[in-house]
Amino acid sequence: MIQGIYILRFLSFSHTRVKRNRNSNQNFVKRSPLLMFIFYCGLGSVLGLISYISVGSTCAQIEVTVDENMSTPIFNSTLSEDAEPRPDILYSALNKDTIVGEVLNNFSYPIELVRITATVYDKNGVIVATGDKYVNDYLLKPGNRSGFDIFLDETLPSKSRYTLTTSFEKSEDDRPEALQLSLGKNSKSSNSFRVLGEVMNHGKNSANAVKVSGIFYDNKHKVINTDYVFTNPDIISPNKKAPFEFSFYMDNPEKIKSMAFNVQSDEYSLMTNNGQNKTKPQP
């Protein structure tokens, strides 16, 4: 009888324990959707913040009104696209809407694709114009000069200032000297300048795309104008020659006191013996 009582109590206790566990599991199940909701909301907020930071850092913008300007110019300097040595800009000047100048290859090797980029600022340091131009010669051998003129195609404010940036490539091209240049008559009128010349090909093969470049200086050897022309025809057979002509307008052609010329083709360069490739003084 006593054993029966103990068995009944054990069964009752077990039933009560199972019931309590079942109720506990039911309460957990009832609470879990709320906990999961809170968990995912928190996770979503964190991911959203990370996404905002990520998008904000890669898609940042600077916004200004039409009356605002932002600039930090550095004036009176010639910059290079890299921290490497660069060709020397011997002289440059802003003449109305054009920047003219000349570049010297100060390296021990030839360079090509020499490009000058100009950035122009007003007196308050606000950028107002930009332009770029390759120098007038295909290839610059060591010690050679070449002219450039960057036409900005707009009216610039008074007291404008500018910076120049240079870029170039080292060249493996070593064109032999075979083109002889000679100068003929030059003339000046009230508003124009004209000079004639010839190029003779002393090479064994035809010279193609024969290009003559010129730099024109004042009495202080400052660049007034630069230009280039092709011979007529621009293909010169061996031991043959072809003429060329420079003709351009300017306010006061009397300012031109000396000139420098170079000639190149796809195959050959200027013969530098007999004093060629030097500045030619005016009579």
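Data block above holds the structure.
A brief structural summary. (Residues numbered from 1 in each chain as written. Predicted model: local features only at pLDDT ≥ 70, side-chain atom pairs only at ≥ 80, totals over all residues. Heavy atoms only, no water.)

### Looking at the packing of aromatic side chains
Our working rule: Under the pairing criterion, centres of Phe, Tyr and Trp rings, with the six-membered ring standing for Trp, must be within 6.5 Å; the plane angle then separates stacked pairs below 30 degrees from edge-to-face pairs above 60, leaving the rest tilted. Elements are defined by DSSP. Helices are runs of H or I of four residues or more, strands are runs of E of two residues or more, and each kind is numbered from the N terminus.
Tallying each qualifying case throughout the model produces ten aromatic pairs. Note on F216 and F246: the rings are 5.9 Å apart at their centroids and 70° apart in plane angle, and the pair reads as edge-to-face. Here the residue F216 occupies a position in strand β11 (residues 211–217), and F246 occupies one in strand β13 (residues 241–249), the gap between them amounting to 30 residues. Here F246 and F261 contribute two aromatic rings whose centre-to-centre distance is 5.5 Å and whose plane-to-plane angle is 55°, an arrangement assigned as tilted. Remark: F261 occurs in strand β14 (residues 258–264) and F246 occurs in strand β13; sequence separation between them is 15 residues.

### Section: the environment of A260
Within the secondary structure, A260 sits in strand β14. Taking the C-alpha atoms as reference, A260 lies 9.5 Å from G147; in sequence the two are 113 residues apart.

### Notes on the sheet that holds strand β2 (residues 88–95)
Under the convention used in this document: Pairing between two strands is assigned when DSSP locates at least 2 bridges connecting them. Fitted lines through C-alpha atoms give the axes, limited to the stretch in contact for helices. The angle between two N-to-C directions lies from 0 to 180 degrees.
Spatially, three strands are ordered β2-β3-β7 in an open sheet, and the strand pairing comes out antiparallel. Edge positions in the sheet fall to β2 and β7 (145–151), since each has one partner strand and no second. Across the sheet, the axes of successive neighbouring strands diverge by a mean angle of 15°, strand direction being ignored. The sheet contact formed by β2 and strand β3 (residues 98–104) spans seven bridges and is antiparallel. In the strand pairing of β3, N95 is matched with T98.

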